[in-house]
Amino acid sequence: MSAAPPLALYRRSLGNFHDTMSIVKRRFAVRPARYPKILWGIWLIAWALLTVAIFLRLDAGAGEMRGEWSPGFVRFTDFFTQFGLGGWYLIPAALCLVAANLTDWRGLSRHGRMIVYNWTCFAFLVLCAVGLSGLAVNLLKYGIGRARPLYFDSFGVLSLHPFAMDARFAGFPSGHATTMGAVFGILLLLFPRRWTIALAVTACIASTRIFVGAHYPSDTVAGFGLGLAFAVLSGLMFARLGFIFGQTGSKLPVRKRTFRLVPFRAPRSRASTADSVEPAVDQTQIP
C-alpha cells in the first residue's frame, strides 16, 4: 500500500482533531460535573505536615552525609534516578498521539479502533498527569529557589533564592519525584490492587535524588505528593469525560472493563457488550 500524500495526511489529521474536540465538548456539555467527595483539604494538610516533619528530622542529616555514600552505591542510584526524567513518559505519549492523529480510524475494524482508542486515551492521560505536574513543579522550584544539598556547605539546609533562575537554587520540590508521583498515581488508578508494588518502585526511584545529592528528603516528599495529586485530578477529569474511567460517587475513578492496551476478544453476549462498551460514535471518531 502506497503512503498517503502529505495533503491527505494533513486533512486526515485535521479531521481527527476536529472530531476529538467535538466529542470532548459534547461530553462536557452533557455529563454533569459529579466528582467523588475527596477531602482535599485534609490531604493537603497531611502532605504539608509530612513535608515539614521530614524537613525537621532528615534534611540536615542528608546534607551532612552528602558525599559520604560509597561510589558504587552512588553509581547505582545515579542509574535508576534517570527513570525519573519526564521525557521517558512524555515523549512516547506524544508520539503515540501523533500516530493516532494520523491514523485512518474509519479504515480500522471495530476491534482495531478499540485498541487505538485505548492507547490514545492512555497517552493523553500520561501527558496530562506527567506534563502538567512537570510544568507546576518547575514554576514552584524556580519561584521558591531552594539551594540543593550539593551546596549544603555553602548555603545550609534552608537557603532560598526566589526566581534566581539558577539550577543550583531549584531544589524544592523535586522534579524527578514529581514525575514518579504522577506515574504512581496513574498506576494506582489503573491497577489499584497493585498499589503497594507501584508505590515501592516509584518511591525508590524518587528517593535516589537524595543519594545523588540533588535533593533533600523533603524535596522528594513534596514533589511526589504534587505529582500524585495531578494524576488523581487528571483521572477525575477523564472519568467525567468517560475516557478510561467511569464516574463514581465516593471513590477514585474506576477503570472500565473495555480499557485494555493489548488485543482482546470482544464480548460475545450482547448484554455484556451493552454494559461495558462505549457508544460506537465516540469510539469510531475519537483519535
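Residues numbered from 1 in each chain as written. Predicted model: local features only at pLDDT ≥ 70, side-chain atom pairs only at ≥ 80, totals over all residues. Heavy atoms only, no water.

## Let's talk about the pattern of salt bridges
And then number 1: Scanning the entire structure with this criterion turns up five salt bridges.
And then number 2: Residue Arg66 is joined to Asp153 by a salt bridge in which the shortest nitrogen-to-oxygen separation is 3.1 Å. Remark: Asp153 occurs in helix 6 (residues 152-155) and Arg66 occurs in the loop between helix 2 (40-65) and helix 3 (71-81); sequence separation between them is 87 residues.
And then number 3: Among the residues examined, Asp153 registers a relative accessible area of 64% and is labelled exposed. (Salt bridge = Lys/Arg side-chain N within 4 Å of Asp/Glu carboxyl O. Helix = DSSP H or I, 4+ residues; strand = E, 2+ residues; numbered from the N terminus. Buried < 20%, exposed > 50% of the residue type's maximum accessible area, 1.4 Å probe, protein only.)

## Some words on the side chain of Ser174
And then number 1: Locating Ser174 in the fold gives a position in the loop between helix 6 and helix 7 (175-190).
And then number 2: Of note is the side chain of Ser174, whose polar atom sits 3.1 Å from the backbone nitrogen of Ala177.
And then number 3: When sequence neighbours within four positions are dropped, the list of residues in contact with Ser174 reads Val137, Arg209, His215, Asp219, Thr220 and Gly223. (Polar contact = N/O pair within 3.5 Å; in protein donor to acceptor, adjacent residues only side chain to side chain. Contact = heavy atoms within 4.5 Å.)

## A word on the environment of Gly171
And then number 1: Inspection of the secondary structure puts Gly171 in the loop between helix 6 and helix 7.
And then number 2: Between the alpha carbons of Gly171 and Arg146 there is a distance of 5.0 Å; along the sequence they are 25 residues apart.
And then number 3: Residues in contact with Gly171, not counting those within four places in the same chain, are Arg146, Arg148, His215 and Asp219.

Worth remembering: the numbers are spatial, not functional.
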